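Notes for the structure review
In case you want the letters, here they are:
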There are 2 protein chains.
Amino acid sequence: MASERKINACVSLYLDTAYELQKEIEKAAKLNCQSVTIPTVHWNFDREFVREPLRSKHGQFTRSDLLLSSTNWINQVICRVGENVDLDSPIDRIRKHSERTILQEISFAEHLVQHGYMYTKLKGANCANFARTVASGALKGTLLVEVPITNPKSAQNCWRRDIEDDQAVQDTWQWWNAFRSYADYNQHVKIALELTTDVPKKEEIYRWLGEPIDALVVPANIFLTNANNYPVLSKAHQSIVTLLYRTFSCHFILKANPGDGHLGHYVEYIKHIVQHNHVDDPLQGFNDVLEIPLQPLYDNLDSATYEIFERDPVKYIFYQNAIEQALTDRVPEEEKDTKTTIIMVVGGGRGPLVRAALNAATKANRRVKLYVIEKNPNAIVTLTALIDELWKDRHVELISKDMREFEPPEKADILVSELLGSFGDNELSPECLDGAQKQLKDNGISIPCKYTSYINPCFAVKVHSQARANECSAPWKERVVSSRHMEQMYVAYQKNVYHIDNPQPVFEFVHPNCDPDPVDNSRYRSIRFKASLDCVLNGFSGYFDTVLYKDVMLSIHPFTHTKGLASWFSMFIPLTEPVQVRAGEEIVVNFWRCVASHKRSILQQLSSQAWCVCVWFWDEFGRV
Amino acid sequence: MASERKINACVSLYLDTAYELQKEIEKAAKLNCQSVTIPTVHWNFDREFVREPLRSKHGQFTRSDLLLSSTNWINQVICRVGENVDLDSPIDRIRKHSERTILQEISFAEHLVQHGYMYTKLKGANCANFARTVASGALKGTLLVEVPITNPKSAQNCWRRDIEDDQAVQDTWQWWNAFRSYADYNQHVKIALELTTDVPKKEEIYRWLGEPIDALVVPANIFLTNANNYPVLSKAHQSIVTLLYRTFSCHFILKANPGDGHLGHYVEYIKHIVQHNHVDDPLQGFNDVLEIPLQPLYDNLDSATYEIFERDPVKYIFYQNAIEQALTDRVPEEEKDTKTTIIMVVGGGRGPLVRAALNAATKANRRVKLYVIEKNPNAIVTLTALIDELWKDRHVELISKDMREFEPPEKADILVSELLGSFGDNELSPECLDGAQKQLKDNGISIPCKYTSYINPCFAVKVHSQARANECSAPWKERVVSSRHMEQMYVAYQKNVYHIDNPQPVFEFVHPNCDPDPVDNSRYRSIRFKASLDCVLNGFSGYFDTVLYKDVMLSIHPFTHTKGLASWFSMFIPLTEPVQVRAGEEIVVNFWRCVASHKRSILQQLSSQAWCVCVWFWDEFGRV
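Residues numbered from 1 in each chain as written. Chains lettered and ligands numbered in written order. Predicted model: local features only at pLDDT ≥ 70, side-chain atom pairs only at ≥ 80, totals over all residues. Heavy atoms only, no water.

Threshold: UniProt positions are given in the numbering used here, feature names are shortened, and annotations may be inferred rather than shown by experiment.
Under the annotation held in an unreviewed UniProt entry, chain A carries the name Protein arginine N-methyltransferase and is attributed to Anopheles atroparvus. In its Sequence similarities (unreviewed entry) section, the UniProt record describing chain A reads: "Belongs to the class I-like SAM-binding methyltransferase superfamily."

**A short note on the pattern of salt bridges**
Pairs may arise between side chains of opposite charge once their charged atoms sit close together. The condition is simple: Here a salt bridge means any side-chain nitrogen of Lys or Arg lying within 4 Å of a carboxyl oxygen belonging to Asp or Glu. Only runs of H or I of at least four residues qualify as helices and only runs of E of at least two qualify as strands under DSSP, and these elements are numbered from the N terminus. With a 1.4 Å probe rolled over the protein chains alone, any residue whose accessible area is under 20% of its type maximum counts as buried; one over 50% counts as exposed, and the rest are partly exposed.
As enumerated under the stated definition, the model contains 55 salt bridges over all chains in all. With a shortest N-O distance of 2.7 Å, D65(B) and R350(A) are connected by a salt bridge. In this pair, D65(B) is assigned in the loop between β2 (35-39) and α2 (70-76) and R350(A) in the loop between β11 (340-346) and α12 (352-364), connecting two distinct chains. Judged by its relative accessible area of 0%, D65(B) is buried. R582(A) is the partner of D534(A) in a salt bridge, and the nearest nitrogen-oxygen pair spans 2.6 Å. Of this pair, D534(A) sits in the loop between β20 (523-530) and β21 (535-549) while R582(A) is found in the loop between β23 (570-581) and β24 (586-595), placing the two residues 48 residues apart along the sequence. Assessed through its relative accessible area of 16%, D534(A) is described here as buried. One salt-bridge network, in which partners are shared between bridges, spans K121(A), E146(A), E194(A) and K255(A).

**Comments concerning the environment of R404(B)**
Secondary-structure assignment places R404(B) in the loop between β13 (396-400) and β14 (412-417). R404(B) sits 10 residues away from I414(B) along the chain, and the two C-alpha atoms are 16 Å apart.

**Points about the UniProt feature "domain: PRMT5 arginine-N-methyltransferase" (unreviewed entry) in chain A**
Summarizing the sequence annotation, UniProt attributes the feature "domain: PRMT5 arginine-N-methyltransferase" (unreviewed entry) to residues 284-447 of chain A in the numbering used throughout. The span residues 284-447 of chain A shows a helical share of 35% and a strand share of 21%, and its end C-alpha atoms are spaced 31 Å apart.

**A look at the sheet that holds strand β7 (residues 213-219) of chain B**
All names here are of chain B. Here is the rule we go by: A strand pair is defined by DSSP finding two or more bridges across the two strands. Think of each axis as a best-fit line through the C-alpha atoms, taken over the contacting stretch in the case of a helix, with angles from 0 to 180 degrees between the N-to-C directions.
Pairing within the closed barrel is parallel, and its 8 strands lie in the order β1-β2-β3-β4-β5-β6-β7-β10. Averaged over all neighbouring strand pairs, the angle between strand axes comes to 30 degrees, with direction disregarded. Sheet topology places strand β3 (residues 77-80) next to strand β4 (residues 117-121); 2 bridges connect them, and they run parallel. Bridging across to β4, R80 finds its partner in Y119.

**Some details on the interface of chain A and chain B**
Convention followed: In what follows, a contact means two residues having at least one pair of non-hydrogen atoms within 4.5 Å. A quick way to say it: buried area is the sum, across both parts, of accessible area lost when two parts are put together, with a 1.4 Å probe. Any residue outside Ala, Val, Leu, Ile, Met, Phe, Trp, Tyr, Cys, Pro, Asp, Glu, Lys and Arg is labelled polar, Gly included; the first ten of those are nonpolar and the last four are charged.
With 51 residues of chain A at the interface, the matching set in chain B holds 51 residues. Across the chain A to chain B interface the summed buried area is about 4,300 Å²; carbon plus sulfur atoms make up 52%. There are 4 salt bridges connecting chain A and chain B. For the salt bridge of D302(B) with K140(A), the shortest nitrogen-to-oxygen distance reads 3.8 Å. Mapped onto the side of chain A that touches chain B, the elements with two or more residues apiece are α3 (92-113), α10 (303-310), α13 (377-389) and β13 (396-400) of chain A. Looking at the side of chain A that touches chain B element by element, the count peaks at 10 residues for α13(A). When the residues that make up the side of chain A that touches chain B are grouped by side-chain class, the tally is 22 nonpolar, 17 polar and 12 charged.

**Some points on the side chain of E146(B)**
Residue and element names in this part refer to chain B. Just so we agree on the cut-off: Whenever two N or O atoms come within 3.5 Å, that pair is a polar contact, provided that in protein one can donate a hydrogen and the other can accept it, and provided that, for residues adjacent in sequence, both atoms are side-chain atoms.
Locating E146 in the fold gives a position in strand β5 (residues 142-148). The exposure class of E146 is buried, given its relative accessible area of 1%. In this structure the side chain of E146 is engaged in a polar contact, spanning 3.0 Å, whose partner is the side chain of K121. A distance of 3.0 Å separates the side chain of E146 from the side chain of K255, its partner in a polar contact. Those residues within four positions of E146 in sequence are excluded, and the remaining contacts are Y14, Y119, T120, K121, L122, A192, E194 and K255.

**Some details on the UniProt feature "binding site: S-adenosyl-L-methionine" (unreviewed entry) in chain A**
Residues and elements named next belong to chain A. Mapped onto this numbering, the UniProt entry annotates "binding site: S-adenosyl-L-methionine" (unreviewed entry) at Y306, K315, Y316, E374, D402 and M403. The largest pairwise C-alpha distance within this set of annotated residues, which runs over 98 residues, is 23.8 Å, so the set is dispersed in three dimensions. Using a relative accessible area of 10% as the deciding quantity, one classes Y306 as buried. Checked against the element boundaries, Y316 lands in helix α11 (residues 315-330). Using a relative accessible area of 11% as the deciding quantity, one classes Y316 as buried. Apart from residues lying up to four places away in sequence, Y316 is in contact with F309, E310, P352, L353, A356 and E418.

Take a look at the structure:
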C-alpha cells in the first residue's frame, strides 16, 4: 500500500534573462536546481523590426530551438510567456497587440516544451481577457500562473497613516478566483504561489489548500540571516512551506539575484526544510485519487482487497476490545465455566473478526461458540481452511449464505459485523443488520451498536475535476462507464481540499433496532453551514464514527479520528457546478436517505438565497 | 526513439499438480522460471462432497488463498481452469455441470490473480458454449487459450494406411477462429500456442502472426538430443520460436515431467534461442501502436517531432543524391561557373532539405540559389537562426508563407519537397505541389517526381482492436475524441499482422503535373486480391514508394523497402467488422480519392459475393 518516495524537492532557478542558455542550465545544476525558468522571448530580438519583404526578420522573434535537444527543453526549462503585455488594457491597440504577443509566445513555448511547463504572472483581478485568451485555446502543457500569497499593497499600506487599517485591499485569492473562473476551471492552468514577506492569516492559507497549486515561488528577500550568517526562513514561512509541500508535493521556483552569494544556500535550505519536516505517510500514493466506494453486497471482494483491509493496524484490536468487554459484561465471573456465549459474525470475509472474537474469548476467559456467515464463495474457501487448520479445537461453524436468509438453529448473544462504509450506512449496513437481527436474542448486543455520518462543505479542485472528467478508479472493476458521474458519492484520501466549515452530523443508526416493524431506515436532515471567507463550494466531504461497544469507538471524523486507522478514506460528494460563496453566507443542504424495495438513494439538495442544486445517489442492493 | 529492452524471455513451468505450492514456486525459480502454471482446483478436494448442512464442506472446493500473498498470486501463478469439463457436451447434465464448474473456477482464479493470467485448453472447433460461457461474463484478467499449432490427428493419420493423405483434418487455426468468433473477439482472451512435433506449412505459420498470441507452450517431447546429450530444438522449431518471439515478445510455458533431469536445460535453451536470435530494433517500442497520421498542413509540428524526423539515417542522403544528379543533369560542366540553378524548398521545416540541397551543390560543384518556403512561424525562428549563423555565405532566402500563396520573384529550376505520408498522397502532397507548380519553370524538375500508393488485405488483431476501442495515440494532440474512429486511416509499426495477399498499386501522382488546368487529383481503382488460406480480413495495410529523381527512390513497400528508412510506418485501414474469408476466394476493393474545394476524402468499398463494406476517409485542408 505504501508508495516509496524519495523526498527530494525539485527547485527551478528563476532567471530574468539567460544569455547562454546551456551554460545557465549547467550553472543551475551545480546549485542543485533541476531546471531554469526563463523568458520565452530573448531581449536581444526586436520583435517589431521587419526588413525587406523577402529576407524578412519578422519571424525571428527569439532564439532557435536548436539550442537544446527537445528532451532538455521539456525537462530543464520552464518558459515564461506574456511578460510585458497588458491583455486587459482599456486601449484597443495595446490589448490587441498583447493578445497577438502572448499567443505567439505560447505557440513557441509549446513548440519547445510540448506538454511541459509555461509560466505567467497574474497582477490583479482585472484579468478577464487575459484568462480567456490563454485558456480558450487548447493548451498542451501546464501553464503556471504566479500569484503572490498576499497583496503587495497591504505591505505598503501599513506604513501609510492616511490609509485606515481595515480598508479593503483585495486579497490575491480573489485575483486567482477571477482568473480561473474566466478560464472555466481549465485543468491545464495551475498556481505558482509566491511567498511574500507578509504572511496571511491561517484561514486564508487553508483556503489555498483546495486550489491547484503546482509550484511555490520563493523570493530571496523573504530569507532572514541566522547567527552563522546563513539564510533561513521565519517559523511562519517554514510552516507554510511544509504545509504546502505535504499537500501538493509541489516544486519550488527560486527568485534571486544571480550574483547573490547565498544562491546555493537558499536551494539547500529549501531542500532541508522539506526533508526535515517530512512525515512518512504510507497512504501517500492515494492522495486525492478519486475512487468509487466498494459495494461488497453487490460485488464479491477479491483476495488482494481482503488482504489490504486485514492489514489495518488498529481496526481489529478495537473490535477485539469491544467483544472482550461485551463478553465480560454478559457473563459474570462465576458463570464463566458454565455459560457459553453465542457470537455470530455476519460477513466473515477471510476471518479477521473471527480471529478477534476468539482472541477476545481467550483474554476474557469466557466460553464462546461462533457462527460465521459469509456469502462470497471464494472467501468460504479461506474460512474453511482456517477452521480446519487453525481453529479446529474451537467452536466455529461456517454458514455459506447471505446473512439476510440464514435461519439460525439458536439465537446469538452478540452479533459482530463490519459493514460500514466511509459514510457509515453507505454499504447498506442498516438493511443488512435489520435482516440479521432475527438471529439475535432480545437482549442481545450488536457490535457496532451505533454509527453516525457527518459532512462539511468543501472546495477540492483535484477530486472534483476527476469526477467531472469521469476519471475515477475502481480497482475491483475493469472499467467504469457512468453517465451519471456527478450524481454519485466517491471516496478519496483528500489532501487537496479546503474545508469551508466544521463537520456536522447527518444520519444516525442504532442496533439492535427496536423500532416497530417494518423498520424505517429512510432519513431526512437539513444542515446549515457558514463560510467565514469568500470561497468556492464544489462539494461535501463525508465521514462517520461508530460506537462498537460502550466506550470503544472508531472514527474517521477529522476531529476525533482514531489514530492509525487506515481502512476508510473520507467521502466526497461533488456538486455539478462550483458555487461562489461570500464570507458570512449560509450554506443550507438537505439530505434524504430514500428507500425502495431494491434500491436505496440519497437525495441531496443544496440551497441558498440564490441557488438550489439537487443531487441523487443510488446504491443497488446485491443480487440475492 | 529506441526503447531499451533486456532480452530475457519469461518462462512459466506447467505443473500437473502442485502439492506444496510455495515450494514448487521456489523450485521453479531455481530453474529460472518466473512462474508456475497450475490447476486452480486441487485434486485433494472432492467438489461433490457435502456434509451436514451447518458444517458444510461444499464451499471448500480447493485450497485457501492464504497460501500466498496476493502479490505472489498475481505475479507467480497462472491458474488453469476448466480442466475436466465438457461445455459442449450434447448431454444436458454434463454441460450444465461443466458451466457451473468453470464459472466457479474462473471466479476463484480471479479472486486470486485479479488482472493476472488464467489458462484453459481448446480441444476442437465445437466450442460455441465453451466460448460463450467464459467470454460472456466480464473477465478481469487475461484468459490464455491453449491451441496446438498442428492438429494431433494429422500426426496419427500419416501412420495409417486407411486414411488418404489429403483427407481433411481440420487445422487448429479453425478451432481458434471458431472460439474467438463465438467469444466476439473478447480482448481478454489470448492464445497460448502449443508447439507440436509436427511443423505446419509456412503460410499457416504466418496466419498466426495476425492473432493475439500471448504465450508459446513448449512441450518437452519436441526437444531432440544433440551430440553432447543436451536437449535442442530442430531448425524448424527454432525458427518458429524466433519468429513468434520477435512478433509478440511472448512468454513461454514449459510442459515437462517434473522428474525430467533436463528441466533446467530446457529453460536455459529457450532463453538462449531468444537471446541468440535477437535483432535489436530501435523502433520496438512502437510495435503495433496505432497512431493518427500527422496533418502537417493543418497542425504546426513541434520541436520534438521535427527532431525525430530529422534523425532519419537515410532519407536526406537520398534527397541529397537526387538533387546532386538533377544539378549535374541541368547544368553541363562547362556552364558550372556561369549558370545559377534556382532551387525552391517548399515546406522547409527546420532545414534538413536546405542542408541536403547545399551539400548537393557543393558535391556537384554547381552554383545554386535557394528559396525556402515555410508556413510554421516556430520553424521560421530556427531557419532564420540557421541562415544567420550557418548559411550566411550561401544564397538562401527565407519565405514565411504558405507555399500555395507565394508569388516568386523568379521561377525555379528544381522544386524540392517532403510532403509524402505513409500512403503517399495522404498528407495532401498533390494539392500542395500543384499549387506550388506556378513557381517552377516549364522544364523544371520536381523532387519527388512520382509517388504510388499500395495496399494489401490483412488481419491484424491488435491495431484493429485499438481502432475499435478508439485507443489510438496522437502524440501532437492532447486527446483525440472521434466518433468516426472506424472510418479513418491510421499509421502503425505493424508486427502483429497476417498479410492475406501481396500488395498492389492504388494511386499514382506525377510532378510537375502536365494535365490540363484544372488539374484533377481525384482517382478511382478497383483491386482484386485472393486468399490462399481460410482466414479473417479486418483491414488493409497501406504503403508507398516514390521516385525522387531518375533511379533515386524511397520505398516502404515491404518488397522494396529502403534499408534503414525510419520516417514512415505503414498505413492501417480498418474494416468496421471482421470478415471471414475462404481459401481461394477473391477480395475486391474499390478505392476512390474524392476532392472538394476544402476537403479530400477516400471512399473505400469492399465487396465480395456476399458482402459489401463502405468506409469513408476525410482529411481537412489546413487553415490557409
